[in-house]
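Close look at the chain arrangement
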Amino acid sequence: EERQLWVHNHSRRLARQMRRLHDAGFDHRDLKFSNILVSAALDDVRVWFLDLDGMRHWRHLPDQRMVQNLSRISVSAQAQGLGSRSDRVRFLKMYLGHRRAAEWRAWWQRIAENSTKKLALNQKRGRAIH
């Protein structure tokens, strides 16, 4: 299906872009799909991050901040109905790359825990997930 191929191609690019952002020490702090711009064209996989005013630079970005960013994008993907659980696992593996490939299960668990907390907090505050 064309939509699935579009999601797959853009998620690969987004995973790589997030890795580059984090490798450079940047923490977006409000990473969700409404703050990401992509092309509707299947062959154009460029990804742009929006709403950069909350961006923070760290000398060494702590893993917990990476987990927070990954959790936020995962919750946003679920809220938008984009991708399955398998798609999100593939996204995480692409994000982690070869360097941390063996750690994907531990990262998945941390992201799941963080996502559950984020959803509960948003429900408590009456905030919608974007």
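The written sequence of each chain sets the order in which its residues are numbered from 1. This being a predicted model, a pLDDT of at least 70 is required before a residue's local features are given, and a value of 80 or more before pairs of side-chain atoms are given or counted; all residues contribute to the totals for chains, interfaces and linings. Computation of side-chain values covers all heavy atoms of the structure but excludes hydrogens and water.

**Focus on the pattern of salt bridges**
Think of a salt bridge as a Lys or Arg side-chain nitrogen and an Asp or Glu carboxyl oxygen that are within 4 Å of each other. In the structure shown here, the tally under the stated rule is nine salt bridges. Asp63 is paired through a salt bridge with Arg100; the nearest N and O atoms lie 3.2 Å apart. Here Asp63, found in helix H2 (residues 63-80), pairs with Arg100, found in the loop between helix H3 (85-96) and helix H4 (104-125); they are 37 residues apart in sequence, far enough to count as distant. Each of the salt bridges in this network shares a partner with another, and the network as a whole consists of Arg19, Asp23 and Arg99. Only DSSP runs of H or I with at least four residues qualify as helices, and only runs of E with at least two residues qualify as strands; both kinds are numbered from the N terminus onward.

**Section: the packing of helix H1 (residues 2-23) against H2**
In this analysis an axis means a line fitted to C-alpha atoms, helices contributing only their contacting stretch, and an angle means the value between N-to-C directions, from 0 to 180 degrees. Here H1 crosses H2 at 155°, and the two axes come no closer than 11 Å. Considered as vectors, H1 and H2 are oriented roughly antiparallel to each other. Crossing hand, H1 versus H2: right-handed. From H1, Leu14, Met18, Arg19 and His22 reach across to H2, where they touch Met66, Asn69, Leu70 and Ile73. Note on residue categories: nonpolar means Ala, Val, Leu, Ile, Met, Phe, Trp, Tyr, Cys or Pro, charged means Asp, Glu, Lys or Arg, and polar means any other residue, Gly included. When the residues that make up the contact of H1 with H2 are grouped by side-chain class, the tally is five nonpolar, two polar and one charged. Note that the term roughly parallel is reserved for angles under 35 degrees, roughly antiparallel for angles over 145, roughly perpendicular for angles of 65 to 115, and oblique for everything else. The crossing is said to be left-handed when, going from far helix to near helix, the turn is anticlockwise and less than a right angle, and right-handed when the turn is clockwise. Whether two residues touch is decided by their heavy atoms; if any such pair falls within 4.5 Å, the residues are in contact.

**Some points on the side chain of Asn122**
Relative to the assigned elements, Asn122 resides in helix H4. Partly exposed residues are those whose accessible area sits between 20% and 50% of the maximum for their type, while under 20% is buried and over 50% is exposed, using a 1.4 Å probe and protein chains only. For Asn122, a relative accessible area of 3% gives the class buried. Discounting residues that sit within four places of it in the chain, Asn122 has contacts with Arg127, Ala128 and Ile129.

**Here we look at the environment of Asp44**
Structurally, Asp44 can be placed in the loop between strand S2 (36-38) and strand S3 (47-49). Overall, the relative accessible area of 17% leaves Asp44 in the buried class. Separated by 35 residues in the primary sequence, Asp44 and Asn9 have C-alpha atoms spaced 8.9 Å apart. Side chain to side chain, Asp44 and Arg46 meet in a polar contact 2.9 Å long. Counted as a polar contact is a pair of N or O atoms within 3.5 Å, where, for protein atoms, one must be capable of donating a hydrogen and the other of accepting one, and residues adjacent in sequence contribute only when both atoms are in side chains.

**Digging into H1**
The α-helix advances 3.6 residues per turn, and as a result positions three or four apart in sequence lie on the same side. Here H1 spans 32 Å end to end across 22 residues, near enough to the 32 Å set by a 1.5 Å rise per residue. Looking at the buried residues of H1, the elements they touch are strand S1 (26-27), S2, S3, H2 and H3. Phi for Gly25, located one or two positions after H1, is positive at around 90°. Helix span, expected: 1.5 Å multiplied by one less than the number of residues in the helix.

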